[in-house]
Amino acid sequence: MASASSANHILLSPPPSLPSLLPASNAKFPHTSFPRNYLSHSSLIRSQPHLPCFITNAAALNTAQSPNIVSLSKTTDPDHTTKPTILVSEKLGEGGLDLLRSFADVECLYGMSPEQLCKEISRFDALIVRSGTKVSRKVFQAANGRLKVVGRAGVGIDNVDLQAATELGCLVVNAPTANTIAAAEHAIALLASMARNVAQSDASVKSGKWQRTKYIGVSLVGKTLAIMGFGKVGSEVARRAKGLGMHVISHDPYAPADRARAIGVDLVSFDDAISTADFISLHMPLTPTTSKVFNDDTFAKMKKGARIINVARGGVIDEDALVRALESGVVSQAALDVFSEEPPPSDSKLLQFENVTLTPHLGASTKEAQEGVAVEIAEAVVGALRGELSATAVNAPMLVAGGDGIKSVKVVYRSARDPDDLDTRLLRAMIIKGIIEPISDSFVNLVNADFTAKQKGLRISEERVVVDSSPENPIDSIQVLISNTESKFASAESEHGNVSIEGRVKYGIPHLTQVGSFSVDVSLEGNLILCCQVDQPGMIGRVGNILGEQNYNVSFMSVGRTVKRTKAIMAIGVDEVPDKNTLKKIGEVPAIEEFVFLKL
């Protein structure tokens, strides 16, 4: 069939152990749990409706993160003679503590010094912190290899040494979703109270004064708000600001323009954002690139009288430069919830400005958010201690179950077109998107795909194989091979040890055509159950009966195998989404070794 091949290798920096691939979930759904002997993290994801791109991606299948895809496979649950031990170094909601105590021995030791933490840490399997505890390299070294998991109750992980954690084999997980709305609401509260001088006039009235003319504010309607960082919190702030009648622009080099346009937000350059905005709200992480990005040069480019809100990280603002901008009038007001040093020192000049509103890091401080963060981080830590990879892990790729991390991803395009007449940039971008986006905060598109892959340490290579097919169809099929890793759905591994998925478009619909060494023909739409089983009579009937007894209608069923009476893959389409108990019954069929359920 193949008559020629042409390899065009795109070499990006190889990963050390992929510590920079930062999984940050986009979870917006309640947790769904399964017994461990049925739980794995593996999936086959259609990365773009009109492209046959099939990516093995474990993060999207984490049942704690998505109600749409549930993956179950049989594993052996070892007997635990002793409970793991967990240290909680900062206050955590009772819901989270109750969940932890149901699984492990928990000690709450608040207010420890760095020296005390290093002294105590070797007794614990897991550590849960908020923003106040610094988990340094010394802490990881003092653990003497016992510390398996660090859980950060919140989004930011700048107080955890990720490089040291990765080098010493400790998983770091966070809770990125529970406090999103709370942080966005606090940003809007600061925006409105600053515009109307609420804090200042409150203090004035309580001191016995009545200064109506002194505290005349400004209207929000028609003003331009620049959101610096269009991630989860930034996009929620944008939605609320639009409701207040503001014109919203944003700067974020990784945010896709179509996602911003859907909210009614224009993506602009950094300089355009700060030079045209009346209000500037900061929502970027603290990284070497963003550290003190708001400095003297930045303030000099702003519209005179601009107002700044920061509920992100204090370190993104050079506070001395902000003082100078306030003194010169370039910045007329500021509302800050975060600071370079928390609490700020008593001699900080920021405390002396009446036109500066300060709050003590309250962005996530609602009862609902605190409880949600506690439960979210507890679930992630408990899951990690059980040996399950969480989609909120920030220093481990969700694609792997073992090994030293992904060394390379190879994409093979089969096409009748001449290799020089085949532009695969969009396809490659979609594959990178499918690997990176579900497990990180990055947004990948055609423009930044290769850059993001390089930044995350992925080595992507492409090969074009000329086949005898219609030249009118640009691509006959696409195969994705991920080497030096193990799939949690073992059947996706080929005889050469690569995780291998292949697909094509038939009649305008993406089809899965190969899983590992198994040839299949499955339309990727609707609800799909994909089983790996012993190839023996009666299997179709047994699974069909389980579904029928629960009134789930089977739309199609097909079987692919390599050698008869050994192993086979059975694909079952169902009209409805089976409940957890039905899926559990399928998993209990002795001849079924593993299976995944996908809602496509």
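Since the structure is predicted, the reported quantities are computational estimates derived from the model, not experimental observations.

The rules behind the values
Residues numbered from 1 in each chain as written. Predicted model: local features only at pLDDT ≥ 70, side-chain atom pairs only at ≥ 80, totals over all residues. Heavy atoms only, no water. Salt bridge = Lys/Arg side-chain N within 4 Å of Asp/Glu carboxyl O. Helix = DSSP H or I, 4+ residues; strand = E, 2+ residues; numbered from the N terminus. Buried < 20%, exposed > 50% of the residue type's maximum accessible area, 1.4 Å probe, protein only. Pairing = 2+ DSSP bridges. Contact = heavy atoms within 4.5 Å. Axes fitted to C-alpha atoms, helices over the stretch in contact; angles between N-to-C directions. Phe/Tyr/Trp six-rings, centres within 6.5 Å; stacked < 30°, edge-to-face > 60°. Parallel < 35°, antiparallel > 145°, perpendicular 65-115°, else oblique. Left-handed = near helix turned anticlockwise from the far one by under 90°. Nonpolar A, V, L, I, M, F, W, Y, C, P; charged D, E, K, R; others polar. Core = buried A, V, L, I, M, F, W, Y, C linked by side-chain atoms within 4.5 Å.

### Thoughts on the pattern of salt bridges
- One pass over the structure, following the stated rule, counts 19 salt bridges.
- A salt bridge links lysine 206 to aspartate 202; its shortest N-O distance comes to 3.3 Å. Of the two residues, lysine 206 and aspartate 202 are both situated in helix H6 (residues 198–206); the distance of four residues between them amounts to about one turn of the helix.
- Overall, aspartate 202 belongs to the partly exposed group, its relative accessible area being 37%.

### Things to note about the sheet that holds strand E13 (residues 279–282)
- Strand order in the open sheet made by the seven strands is E12-E11-E10-E13-E14-E15-E16, with parallel pairing throughout. In the strand order of this sheet, the two ends are held by strand E12 (266–267) and strand E16 (356–358), each with one partner.
- Here strand E14 (residues 306–310) pairs with strand E15 (residues 331–336) via five bridges, running parallel. Of the residues in E15, the one forming a bridge with alanine 306 is valine 331.
- Most of the contacts of helix H5 (residues 180–195) go to E14, to which it runs at about 150°, and overall it touches E13, E14, E15 and E16.
- The sheet contacts of helix H11 (residues 319–328) involve E14, E15 and E16, and relative to E15 the element is tilted by about 140°.

### Digging into the packing of aromatic side chains
- Enumeration over the complete set of coordinates arrives at one aromatic pair.
- Aromatic side chains phenylalanine 270 and phenylalanine 294 sit 5.8 Å apart centroid to centroid with 50° between the ring planes, which places their arrangement in the tilted category. Separated by 24 residues along the polypeptide, phenylalanine 270 in helix H9 (residues 270–276) and phenylalanine 294 in the loop between E13 and helix H10 (296–300) bring together distant segments of the chain. Taken individually, phenylalanine 270 and phenylalanine 294 each receive the classification buried, so the pair is uniform in this respect.

### Things to note about the packing of helix H15 (residues 539–549) against helix H16 (residues 580–587)
- Contact geometry of H15 with H16 gives a least axis separation of 10 Å together with a crossing angle of 165°. Looking at the two axes, H15 sits roughly antiparallel to H16. Crossing of H15 against H16: the hand is right-handed. Residue-level contacts link Val543, Ile546 and Leu547 of H15 to Thr582, Lys585 and Ile586 of H16.
- Its residues assigned to classes, the contact of H15 with H16 comprises four nonpolar, one polar and one charged.

### Thoughts on the packing of helix H1 (residues 94–101) against helix H12 (residues 367–385)
- Contact pair H1 / H12: the axes reach a minimum separation of 7 Å and the direction vectors enclose 20°. Considered as vectors, H1 and H12 are oriented roughly parallel to each other. Considering only the axes of H1 and H12, their crossing is right-handed. In this structure, H1 contributes Glu94, Gly95, Gly96, Leu99 and Leu100 to the contact, and H12 contributes Glu371, Ala374, Val375, Ala378, Glu379 and Val382.
- Considered class by class, the residues forming the contact of H1 with H12 number six nonpolar, two polar and three charged.

### A closer look at the nonpolar core
- Judged by nonpolar contacts, the single largest core of 33 residues is most densely connected at Tyr413, Ile431, Ile478, Leu512, Val515 and Leu530.
- Among the elements that make up this core, the one with the highest residue count is helix H13 (residues 425–436) (six residues).

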